[in-house]
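# Structural overview
If you want the building blocks of each chain, they are given just below.
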Amino acid sequence: MDKRNIEELLEFFWMQREDGKTQLDKILDSKGEKVKTSEIDYLVKAGFLKIEESCIYFLTKGETIARRIIRGHRLAERLFTDVLGLDIRTIESNACKFEHIVHDEVAEAICTLLGHPKECPHGRPIPQGECCLKTTKEIARIILPLSEMPFGQRCKVVYITTGHLHRLNRLSSLGVMPGVVVSLRQRFPTPILDVEHTQIAIEEEILKDIYVRRIN
């Protein structure tokens, strides 16, 4: 059995456990699921799972892999919906590919970027990483919406969360995109934003979509 198949099966058993299914006969009887007894036997013999009293349990090796795969998948879903503004109905296949290639350090960077989300867009829990154990207050001070930045504070755009394509296109046409240095010049009557060496007027609502990091 190759690495990807092992990861897919362990991911499946993790989700079964979340749904309260650990009994082997119930898992095998699950409608629409295709898990062969030979595959379970392989995972048991290879030290990923164990079976006790007709129930399936993770061993440390299997738990570690399943946790990483689930975390990568659900962080990818949040990245696709929160940052890229993709429709939740279109992200599943890409998240399935992403989960197998993302390294731990990349997952931590994404998790930090997203503010350590606790749930995926479907409401399932995202396993915590080491980055999540740090105080979220510290993270909140690092990346926050532009609307919360004080006047004159120079900051760099990290990501834009808007799900409205026309807003994204407008910001892009105005030069507001990840990596660009901006600062809020005034809020009333209309917010004015310094973008590099240009000043632009922008709606208050859109300021909330622009996440930035302070710079000196």
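Now for a description of the structure that goes with this document.

What counts as what
Residues numbered from 1 in each chain as written. Predicted model: local features only at pLDDT ≥ 70, side-chain atom pairs only at ≥ 80, totals over all residues. Heavy atoms only, no water. Helix = DSSP H or I, 4+ residues; strand = E, 2+ residues; numbered from the N terminus. Contact = heavy atoms within 4.5 Å. Salt bridge = Lys/Arg side-chain N within 4 Å of Asp/Glu carboxyl O. Buried < 20%, exposed > 50% of the residue type's maximum accessible area, 1.4 Å probe, protein only. Pairing = 2+ DSSP bridges. Axes fitted to C-alpha atoms, helices over the stretch in contact; angles between N-to-C directions. Phe/Tyr/Trp six-rings, centres within 6.5 Å; stacked < 30°, edge-to-face > 60°. Lys NZ or Arg CZ within 6 Å of the ring centre and 35° of its normal. Polar contact = N/O pair within 3.5 Å; in protein donor to acceptor, adjacent residues only side chain to side chain.

### A look at the environment of Ile142
Considering the arrangement of structural elements, one finds Ile142 in helix 7 (residues 136-142). Here the alpha-carbon distance between Ile142 and Arg213, two residues 71 residues apart in the chain, equals 5.6 Å. If sequence neighbours within four positions are ignored, Ile142 has contacts with Val212, Arg213 and Arg214.

### Notes on the pattern of salt bridges
By the definition in use, this model includes 11 salt bridges. Here Lys3 and Glu7 are joined by a salt bridge, their closest N and O atoms 2.8 Å apart. With a gap of four residues between them, Lys3 and Glu7 both fall in helix 1 (residues 3-18), about one helical turn apart. In this structure Lys3 comes out as exposed when scored by relative accessible area, which is 54%. By relative accessible area, Glu7 is classed as buried at 3%. For the salt bridge of Glu18 with Arg124, the shortest nitrogen-to-oxygen distance reads 2.7 Å. Placement of Glu18 in helix 1 and of Arg124 in the loop between helix 6 (104-113) and helix 7 is noted, with a sequence separation of 106 residues between them. Looking at Glu18, the relative accessible area reads 31%, which means it is partly exposed. A network of salt bridges, in which partner residues are shared, links Glu18, Asp19, Arg74 and Arg124.

### Some details on the pairing of strand 7 (residues 198-201)
In this sheet, strand 7 lies alongside strand 6 (residues 192-195) in antiparallel orientation, the contact comprising four bridges. Bridge pairing in strand 7 places Ile192 opposite Ala201. Between strand 6 and the antiparallel strand that follows it, strand 7, lie two residues; Glu196 among them carries a positive phi value of about 55°.

### A few points about the sheet that holds strand 7
Taking strand neighbours across the sheet as the criterion, the six strands line up as 3-8-4-5-6-7 in an open arrangement whose pairing is antiparallel. Where the open sheet ends on each side, the last strands, each with one partner, are strand 3 (143-145) and strand 7. Within this sheet the neighbouring strands show an average axis-to-axis angle of 40°, counted without direction. Note: strand 5 (residues 181-186) against strand 6, four bridges, orientation antiparallel. By the bridge assignment for strand 6, Leu184 is matched with Leu193.

### Let's talk about the packing of aromatic side chains
In this description, a pair of aromatic rings is defined by centroid distance and the angle of the planes. The full count for this structure, using the stated rule, is four aromatic pairs. Summarising the aromatic geometry, the rings of Phe80 and Phe98 are spaced 6.1 Å apart at their centres and angled 80° between planes, so their arrangement reads as edge-to-face. Note that Phe80 is positioned in helix 4 (residues 60-83) and Phe98 in helix 5 (residues 92-101), a separation of 18 residues in sequence. Judged by its relative accessible area of 11%, Phe80 is buried. For the cation-ring pair, Arg17 lies above Trp14, with the distance from its terminal atom to the ring centre recorded as 4.7 Å. Over the ring of Phe48 we find Lys61; its NZ or CZ atom is 4.5 Å from the centre of that ring.

### Thoughts on the side chain of Asp194
By the element assignment, Asp194 lies in strand 6. A distance of 3.0 Å separates a polar atom in the side chain of Asp194 from a polar atom in the side chain of Arg185. If sequence neighbours within four positions are ignored, Asp194 has contacts with Val181, Val182, Ser183, Arg185 and Gln199.

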